[in-house]
Amino acid sequence: MTSINITLPSKETQNNLADGYLKFQLNQQTAAVLSMKHTQEAIIVPIESVTSMPNMPSCILGLMNWRSRIIWVVDLPRMLNLESLDYRLRQYSAIVIQVESLTLGLVVQEIKGTTKFISDDIHSPIGQVASSLVPYLCGCVVQQEEILLVLDAQAIVQSSILRSD
């Protein structure tokens, strides 16, 4: 019986140390990312699939069925006090996030794909963005001469705007 020695590289590449993020446009001017740890799926949702609910904050678009579960759908730019989406659209670009047992659909302008960077690249957002955004951010990252907002999924799902209590 012969034994085979496999030598694994001891030095990890920077890509292996980097965390994965879903990249998207909140509106025309604002690009953002969300950690893949909390991202379940990026989907295109026909507008008719979202059932609006009465007496809800304006950022809550309604409810939708996602994988046999009913989840809330939120206009993320409006929630963050940014220019809201064009409502003449026939479909939404939605990101389904999950933080612990809470699942939420976040509607954004456009989903761009994935990116990676190390946590050391994240800088303080204070002074870079509107102060109303700061509670929802982990920070900012500059990538290819573009400032990306690093959103905090936990802060989004626990936002007082989404609570009815």
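- In the annotation of an unreviewed UniProt entry, the entry for the protein reads Putative CheW protein, and the organism field reads Nostoc commune NIES-4072.

1. Considerations on the environment of Ile-111
Next, step 1: With respect to the secondary-structure elements, Ile-111 resides in strand β8 (residues 110-117).
Next, step 2: Judged by relative accessible area, Ile-111 falls into the partly exposed class, the value being 23%.
Next, step 3: Discounting residues that sit within four places of it in the chain, Ile-111 has contacts with Leu-22, Lys-23, Phe-24, Ala-42, Ile-43, Ser-93, Ala-94 and Ile-95.

2. Considering unusual backbone geometry
Next, step 1: Residues other than glycine seldom take positive phi values, yet Arg-67 does so here, at roughly 50°.
Next, step 2: Topologically, Arg-67 is positioned in the loop between β4 (60-66) and β5 (69-75).
Next, step 3: Arg-67 gets classed as exposed once you look at its relative accessible area, which sits at 58%.
Next, step 4: The backbone of Glu-100 sits at a positive phi, close to 55°, despite the residue not being glycine.
Next, step 5: Tracing the sequence through the fold places Glu-100 in the loop between β6 (91-99) and β7 (102-108).

What counts, and where the lines are drawn
- Position labels on residues start from 1 in each chain and follow its written sequence.
- pLDDT decides what is reported in this predicted model: residues at 70 or higher carry local features, side-chain atom pairs at 80 or more are listed and counted, and totals for whole chains, interfaces and linings draw on all residues regardless.
- Water and hydrogen atoms play no part in the side-chain values, which are based on all heavy atoms of the structure.
- Secondary structure elements are defined from DSSP: runs of H or I of at least 4 residues count as helices, runs of E of at least 2 residues count as strands, and each element is numbered from the N terminus.
- Each residue's exposure class comes from its accessible area (1.4 Å probe, protein chains only) as a fraction of the maximum for that residue type: buried when under 20%, exposed when over 50%, partly exposed otherwise.
- Any pair of residues with heavy atoms lying within 4.5 Å of one another is described as a contacting pair.

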